[in-house]
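Next come the chains, spelled out residue by residue.
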Amino acid sequence: QVQLVESGGGLVQSGGSLRLSCAASGSFFSINVMNWYRQAPGKQRDLVAAVASGGSTTYADSVKGRFIISKDNGKNTVYLQMNSLKPEDTAVYYCNADLQHYSSGVYYSKQYWGQGTQVTVSS
């Protein structure tokens, strides 16, 4: 049973900072990619940032230069440092992980989602 547990959301003023954390627990072989998505009311869920097992990162254009994704391999945890927050960053932020499993001689990957954490930026 794999769980992704997020923390760190909250209410912050425009220009402020927040750091989100997401810890993966349970039984899996390795982590392929860990991602942060966000979904604002009435909008689709969009990718914000991703970090691959090798450390390469990807960012949505809207957060480049303001957000930093990082990971702690020993803790199976991914972080999203959000700086210079804007009201348009207000959304529920979801952690997503693509995890590698090994069973009966076969490797396979599976995606998991966290429960989401609310980030609200006031103007």
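Everything quoted here is computed from the prediction, not taken from an experiment.

### As for the sheet that holds strand S1 (residues 3-7)
Strand order in the open sheet formed by four strands is S1-S3-S8-S7, and the pairing between neighbours is antiparallel. Because the sheet does not close on itself, it has two edges, and the strands there are S1 and strand S7 (67-72). Between one strand axis and the next, the sheet turns by 15° as a mean value, whatever way the strands run.

### Here we look at the packing of aromatic side chains
Applying the stated criterion across every chain, the model contains five aromatic pairs. Here Phe-29 and Tyr-102 contribute two aromatic rings whose centre-to-centre distance is 6.5 Å and whose plane-to-plane angle is 45°, an arrangement assigned as tilted. Remark: Tyr-102 occurs in strand S9 (residues 91-103) and Phe-29 occurs in the loop between strand S3 (18-25) and strand S4 (30-39); sequence separation between them is 73 residues. For Tyr-102, a relative accessible area of 47% puts it in the partly exposed group. Summarising the aromatic geometry, the rings of Tyr-94 and Trp-113 are spaced 6.4 Å apart at their centres and angled 85° between planes, so their arrangement reads as edge-to-face.

### Quick look at the layout of surface pockets
Here the largest pocket is characterised by a volume of approximately 190 Å³. The wall of the largest pocket is formed by 14 residues, among which Arg-38, Ala-40, Lys-43, Asp-46 and Glu-88 lie closest to the centre. Sorting the residues of the lining of the largest pocket by element identifies S4 and strand S5 (46-52) as the ones contributing at least two each. Sorting elements by how many residues they give to the lining of the largest pocket places S5 first, with three residues. Across the lining of the largest pocket, the residue classes break down as six nonpolar, four polar and four charged.

### So, the environment of Ile-31
Relative to the elements of secondary structure, Ile-31 occurs in strand S4. Taking the C-alpha atoms as reference points, Ile-31 and Asn-73, separated by 42 residues in sequence, lie 8.8 Å from one another. Non-local contacts of Ile-31, meaning those with residues more than four positions away in its chain, are made with Ser-53, Asn-76, Asp-98 and Leu-99.

### Structural notes on the pattern of salt bridges
With the rule as written, the count across this model stands at three salt bridges. The closest approach of N and O atoms between Asp-89 and Arg-38, which form a salt bridge, is 2.9 Å. In this pair, Asp-89 sits in the loop between strand S8 (77-82) and S9 while Arg-38 sits in strand S4, placing the two residues 51 residues apart along the sequence. By relative accessible area, Asp-89 is classed as buried at 1%. A relative accessible area of 14% means that Arg-38 is categorised as buried. For Asp-61, the salt bridge goes to Lys-64, with nearest N and O atoms at 3.1 Å. Taking the relative accessible area as the measure of exposure, Asp-61 reaches 65% and is therefore exposed.

Parameters at a glance
- Residues numbered from 1 in each chain as written.
- Predicted model: local features only at pLDDT ≥ 70, side-chain atom pairs only at ≥ 80, totals over all residues.
- Heavy atoms only, no water.
- Pairing = 2+ DSSP bridges.
- Helix = DSSP H or I, 4+ residues; strand = E, 2+ residues; numbered from the N terminus.
- Axes fitted to C-alpha atoms, helices over the stretch in contact; angles between N-to-C directions.
- Phe/Tyr/Trp six-rings, centres within 6.5 Å; stacked < 30°, edge-to-face > 60°.
- Buried < 20%, exposed > 50% of the residue type's maximum accessible area, 1.4 Å probe, protein only.
- 1 Å grid on protein atoms, 1.4 Å probe; cavity = no way out; pocket = protein on both sides within 12 Å on 5 of 7 lines; lining within 4 Å.
- Points joined across faces, edges and corners; volume = space filled by probe spheres on them.
- Nonpolar A, V, L, I, M, F, W, Y, C, P; charged D, E, K, R; others polar.
- Contact = heavy atoms within 4.5 Å.
- Salt bridge = Lys/Arg side-chain N within 4 Å of Asp/Glu carboxyl O.

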